[in-house]
Amino acid sequence: MRTKNREGVKLLLLALPFVLFVAAFCYVPLFGWAYGFTDYRVGMSLTEANFVGFDNFLAIWQNRNEVFRVMRNTFALSFIGLIFSPLPMIFAIMINEVSSTKFKKIVQTFTTLPNFISWIVVFTLAFAMFSSDGMVNNAIKALGGTQTINPLGDNDHAWMFQWALATWKTLGWSAIIYIASIAGIDQELYNAAQVDGANRFQQILHVTIPGLQPTFFVLLLLQISNILSNGFDQYFIFYNPLTADKLEVLDYYVYKIGVLTNNYPQSIALGMLKTIVSVVLLFSANSLSKKIRGESIV
Amino acid sequence: MKKNRSVAGKIANVILYILLTVFTIMCIYPFYYIIIYSLSDANQAASGLFLLPKGFSLETYKGIFLLNDIPQALLISVSRSILGAVIAILGSSFFAYLVTNPKMIGRRFVYRFVVLTMYLNAGLIPWYMTMKAYGLQNNFLLYILPGLVTAYYVILIKTYIESLPRELEESALIDGAGIFTRYLQIIMPLSKPIIATIAVYAVVGQWNAWTDNYFLVSDAKLQTLQMILYNYLNQANRFQQMSSSAMDASAAASMITPTSVKMCVTVVVVIPIMCVYPFLQRYFVKGIMMGAVKG
């Protein structure tokens, strides 16, 4: 018993530097939240800041015209993503229906590639395709068309364009998990369906899709709990004055208030609200999953 | 699965192949386009380019490599990718190995303390203030150090180690091997598949990272390739003049256009990924599968 305890203490001591490291890089920044309750200004020393209670949160409320617009964009983009959330599953089923292994492999290799480039590169590619002297407009001109398009600066379709870019980037990758789940579906079920005279489409409808439902459900819950996070990179890169009205999302707004207008306390207050709501959503989704499926997702 | 030979089945098959082919082309064509653009004669390319390069010129490539910032940024990006991956693998795997040992006191708490960081995001400004306070502003360590214990990698490795047969380690224990020996000589070799997967994730993640650079590193010597690309996107015109004057041949000035500069730099940024990606794809897939098994 004593040697077991000594071993346990030794293991804990070995893990301690890592725990302290994680504390320093992930938990210490949380203390920065305290400055969300002060009148700190850039250039002040940290100790000079005065406690102002919830003034910065009130200031967010006073800015509500702007904040509502930001929240409208955030929710709109998240909801478009939610509406199309079955797309990776459909794509996976399509790939699975292909009989040629070679073709399957080519499709999978090429469609997952965009997931591994940064949003900066996505922007250059989008620029190469869609700018005024880009490939698409050159093609329109070459075919004798006169109506050029400019999706990068089109405010009316900005949400859909950003959704299309994100889908282009992630669809192949998101499908992988479904492709693997399809492989895990009991082959007996297909055999039984065939005996019952089900054709390919009916097999998909009655065997494959029900088999994928648990995976879909978990990913959907995670997506719902991420509803406030559209991601900073994409909207920072694609933001421009023409589409600002539609593309200013919460992650961008936190940056704008903090870095562009140097209002640290208000940016901290916003970030704090965002993290708290996200964590609450995640744990609600988790307990929902436990209740419905008896399994947790985090 | 039995082949369906009905007419409807055949039509459905044709539609399936067409849809998949179209999407695959949509995914790969932009990459192809920037490559042929970067190899074309810049002035001819501006008039429109679809399937083949127009003319052939490497002037823009010569131009961008004559300036110091691209080779320097390449060095920084390569070093952060390699060092960052090594640090993340060593730290995360050793920690994961420690928490798989049921004898550890407070094991559940220690593990959860680390996993929780996946969901706790302090926000941009608190992160910025903390890193600055640690002296990581304009410091190369900013790129590689924060990844030392990455919660997601810890979950993946821990799950993997727990799936290994316990007897192998126990027999080493009887031979009197210490923790470090067991980790290096038994766990690491057995965990090669998951380590390879994480190495690929970490390298790609590091190669693509730029926000740390953007917010905290202004030192010209420490810029990453991604950041240089971002800067060129914003100021390709200015750069065109710089690289033209950096070349001795005055005639070359007209060979470089702002767009050709953007295309060439982008190719330099994506070529490494495109070259290694097909070989590493199976590791990516393995990783996402294991990620599906929650920690």
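Residues numbered from 1 in each chain as written. Chains lettered and ligands numbered in written order. Predicted model: local features only at pLDDT ≥ 70, side-chain atom pairs only at ≥ 80, totals over all residues. Heavy atoms only, no water.

## Looking at the overall build of chain B
Our working definition: Secondary structure is summarised from DSSP: a helix means a run of H or I of at least four residues, a strand means a run of E of at least two, and numbering begins at the N terminus for each. Here the term buried applies to any residue with accessible area under 20% of the maximum for its type, exposed to any over 50%, and partly exposed to those in between, with areas from a 1.4 Å probe on protein chains only. Contacts: residue pairs with any heavy atoms within 4.5 Å of one another. Accessibility throughout is a Shrake-Rupley quantity obtained with a 1.4 Å probe, and a residue counts as covered only by protein chains that appear here.
Looking only at helices and strands, chain B has 14 helices and 0 strands in total. The linear arrangement of helices and strands in chain B, starting from the amino end, is α-α-α-α-α-α-α-α-α-α-α-α-α-α. Residue burial in chain B is summarised as follows: out of 295 residues, 49% are buried. Sequence separation of 24 or more characterises 73% of the internal contacts of chain B that already satisfy a separation of 6 or more. Surface exposure of chain B reaches about 13,600 Å², of which carbon and sulfur atoms provide 66%.

## Description of the overall build of chain A
Going by this rule: We take the radius of gyration over the C-alpha atoms and set the globule estimate at 2.2 Å times the residue count to the 0.38 power. Charged residues are defined narrowly, with Lys and Arg counted positive, Asp and Glu counted negative, and His plus the chain ends left uncounted. Note that the charge is assigned to NZ on lysines, CZ on arginines, CG on aspartates and CD on glutamates.
Along its length, chain A carries 14 helices and 0 strands. In chain A, the succession of α and β elements from N to C terminus is α-α-α-α-α-α-α-α-α-α-α-α-α-α. For a compact globule of 298 residues, the expected C-alpha radius of gyration is about 19 Å, and chain A comes in at 25 Å, more than 25% above that figure. In terms of overall dimensions, chain A has C-alpha extents of about 80 × 75 × 35 Å along its principal axes. When contacts within chain A are restricted to residue pairs at least 6 apart in sequence, long-range pairs at least 24 apart make up 65% of them. Summing over all exposed atoms, chain A offers an accessible surface of approximately 14,500 Å²; the carbon and sulfur share of this is 65%. When the 20 positive and 17 negative side-chain charges of chain A are each reduced to one mean point, those points stand 8 Å apart.

## What about the side chain of Ser289(A)?
With respect to the helices and strands, Ser289(A) occurs in helix H14 (residues 264-293). When near neighbours in sequence (up to four residues on either side) are disregarded, Ser289(A) contacts Phe217(A), Leu221(A), Gly294(A), Glu295(A), Ser296(A) and Ile297(A).

## Overview of the interface of chain A and chain B
The following threshold applies: By buried area we mean how much accessible surface two parts lose on assembly, using a 1.4 Å probe and totalling the loss over both. The salt bridge definition used is simple: a Lys or Arg side-chain nitrogen within 4 Å of an Asp or Glu carboxyl oxygen. Think of a polar contact as two N or O atoms within 3.5 Å of one another; within protein, one of them needs to be a possible hydrogen donor and the other a possible acceptor, and neighboring residues in sequence only count if both atoms come from side chains.
With 87 residues of chain A at the contact, the number on the chain B side is 86 residues. Three residues, Phe18(A), Phe116(A) and Ile120(A), lead the burial of chain A against chain B; their summed loss comes to 9% of the area buried on that side. Connecting chain A to chain B are 0 salt bridges. At the boundary of chain A and chain B, one finds 14 residue pairs in polar contact (both at pLDDT 80 or more). Sorting elements by how many residues they give to the side of chain A that touches chain B places helix H1 (residues 2-31) of chain A first, with 22 residues.

## Remarks on the packing of aromatic side chains
So the rule is basically this: Note on aromatic contacts: the rings of Phe and Tyr and the six-membered ring of Trp form a pair at centre separations within 6.5 Å, being stacked when their planes are under 30 degrees apart, edge-to-face when over 60 apart, and tilted otherwise. We count a charge as sitting over a ring when the NZ of a lysine or the CZ of an arginine lies within 6 Å of the ring centre and within 35 degrees of the ring normal.
The full count for this structure, using the stated rule, is 48 aromatic pairs over all chains. Taking 6.3 Å as the distance between ring centres and 15° as the angle between the ring planes, the aromatic pair formed by Trp210(B) and Tyr230(B) counts as stacked. With Trp210(B) in the loop between helix H11 (192-208) and helix H12 (211-216) and Tyr230(B) in helix H13 (residues 225-246), the pair connects residues that are 20 residues apart, well separated along the chain. What makes Trp210(B) buried here is its relative accessible area of 1%. The structure contains a cluster of three or more aromatic residues connected by ring pairs, namely Phe232(A), Phe236(A), Tyr239(A), Tyr252(A), Tyr255(A), Trp127(B), Trp210(B), Tyr214(B), Phe215(B) and Tyr230(B). Sitting over the face of the ring of Trp159(A), Lys246(A) holds its NZ or CZ atom 5.0 Å from the ring centroid.

## A short note on the packing of helix H2 (residues 55-62) of chain A against helix H3 (residues 64-83) of chain A
All names here are of chain A. Filter applied, for reference: Axes here refer to lines fitted to C-alpha atoms; in helices the fit is confined to the stretch in contact. Angles between the N-to-C directions go from 0 to 180 degrees. With respect to orientation, any angle under 35 degrees is reported as roughly parallel, any angle over 145 as roughly antiparallel, any angle of 65 to 115 as roughly perpendicular, and every other angle as oblique. By the convention adopted, Pro, Cys, Tyr, Trp, Phe, Met, Ile, Leu, Val and Ala count as nonpolar, Lys, Arg, Asp and Glu as charged, and the other residues, Gly among them, as polar.
For the pair H2 and H3, interaxial distance at closest approach is 5 Å and the crossing angle is 75°. Regarding the angle of H2 to H3, the classification is roughly perpendicular. Within the contact between the two elements, H2 uses Ile60, Trp61 and Gln62 and H3 uses Arg64, Val67 and Phe68. Split by residue class, the contact of H2 with H3 holds 4 nonpolar, 1 polar and 1 charged.

## Structural notes on helix H5 (residues 101-112) of chain A
Heads up, the rule is: To estimate the expected span of a helix, count its residues, drop one, and scale the result by 1.5 Å.
Taking 1.5 Å of rise per residue, 12 residues should cover 16 Å, and H5(A) covers 17 Å from first to last C-alpha, within 8% of that figure. Regarding H5(A), the residues found buried are Phe103(A), Val107(A), Thr109(A), Thr111(A) and Thr112(A).

## Side note on the confidence of the model for chain B
Note that predicted coordinates carrying low pLDDT should not be read in detail. All names here are of chain B. Counted only if it meets this: A score between 0 and 100, pLDDT records how confident the predictor is in each residue.
Of all residues in chain B, 89% have pLDDT values of 70 or greater, and the mean over the chain is 86. Per-element confidence in chain B is highest for helix H7 (residues 141-144), whose mean pLDDT is 97, and lowest for H13, whose mean pLDDT is 71. Note that pLDDT drops below 50 for residues 248-252; the model gives that stretch 2 contacts with residues more than four away or on any other chain.

## Concerning the side chain of Ser81(B)
All names here are of chain B. Along the polypeptide, serine 81 turns up in helix H4 (residues 69-100). Within polar-contact distance, the side chain of serine 81 engages the backbone oxygen of serine 77 at 2.8 Å. Each residue touching serine 81, except ones within four places of it in the same chain, is listed here: Val203, Gln206 and Trp207.

## Side note on the layout of surface pockets
Basically, it comes down to this: Of the grid points, spaced at 1 Å and generated over the protein atoms alone, those admitting a 1.4 Å probe that cannot get out make up cavities, while open sets with protein on both sides within 12 Å along at least five of seven lines make up pockets; any residue with an atom within 4 Å of a point is treated as lining. Grid points are joined across faces, edges and corners, and a volume is the space filled by probe spheres set on the points.
Taken as a whole, the second largest pocket spans an internal volume of roughly 750 Å³. Around the second largest pocket, the lining is made up of 31 residues, and of these Phe130(A), Ala164(A), Trp168(A), Phe23(B) and Met26(B) lie nearest the centre. Within the residue set of the lining of the second largest pocket, elements represented by two or more residues are helix H4 (87-97), helix H6 (119-130), helix H7 (135-142) and helix H8 (158-183) of chain A together with helix H1 (7-39) of chain B. When the residues that make up the lining of the second largest pocket are grouped by side-chain class, the tally is 26 nonpolar, 4 polar and 1 charged.

## Digging into H3(A)
Residue and element names in this part refer to chain A. Spanning 20 residues, H3 covers 27 Å between terminal C-alpha atoms, matching the ideal 28 Å at 1.5 Å per step. Listed as buried for H3 are Val67, Val70, Met71, Asn73, Thr74, Ala76, Leu77, Ser78, Ile80, Gly81 and Leu82. Elements in contact with the buried residues of H3: H2, H8, helix H10 (200-225), helix H11 (232-238), helix H12 (244-247) and helix H13 (250-260).

## Looking at the nonpolar core
Spelled out, the test is: Here the nonpolar core consists of buried residues drawn from Ala, Val, Leu, Ile, Met, Phe, Trp, Tyr and Cys, with membership extended through side-chain atoms lying within 4.5 Å.
One finds Ile237(A), Phe238(A), Leu20(B), Phe95(B) and Leu98(B) to be the most contacted residues of the largest nonpolar core, which totals 177 residues. In this structure, Phe95(B) is in contact with Ala15(A), Phe18(A), Val19(A), Val110(B), Val114(B), Val149(B) and Val154(B), ignoring residues within four places of it in sequence.

## A look at the pattern of salt bridges
Residues and elements named next belong to chain A. Evaluated as defined, the whole model comprises 9 salt bridges over all chains. Glutamate 97 is the salt-bridge partner of arginine 200, the closest N and O atoms lying 2.8 Å from each other. Remark: glutamate 97 occurs in helix H4 and arginine 200 occurs in helix H10; sequence separation between them is 103 residues. On the basis of relative accessibility, which here comes to 12%, the residue glutamate 97 falls in the buried class. The closest approach of N and O atoms between lysine 256 and glutamate 248, which form a salt bridge, is 3.1 Å. Judged by relative accessible area, glutamate 248 falls into the buried class, the value being 2%. When salt bridges with common partners are traced through the structure, they connect Glu66, Arg69, Glu248 and Lys256 into a single cluster.

## Side note on unusual backbone geometry
All names here are of chain A. Its identity as a non-glycine residue notwithstanding, asparagine 262 has a phi of 60°, on the positive side. Within the fold, asparagine 262 resides in the loop between H13 and H14. Judged by its relative accessible area of 36%, asparagine 262 falls in the partly exposed class.

## Re the confidence of the model for chain A
Averaged over every residue, the pLDDT of chain A is 91; residues scoring 70 or more account for 98%. Element-level pLDDT for chain A is lowest in H7(A), with a mean of 89, against a maximum mean of 96 in H4(A).

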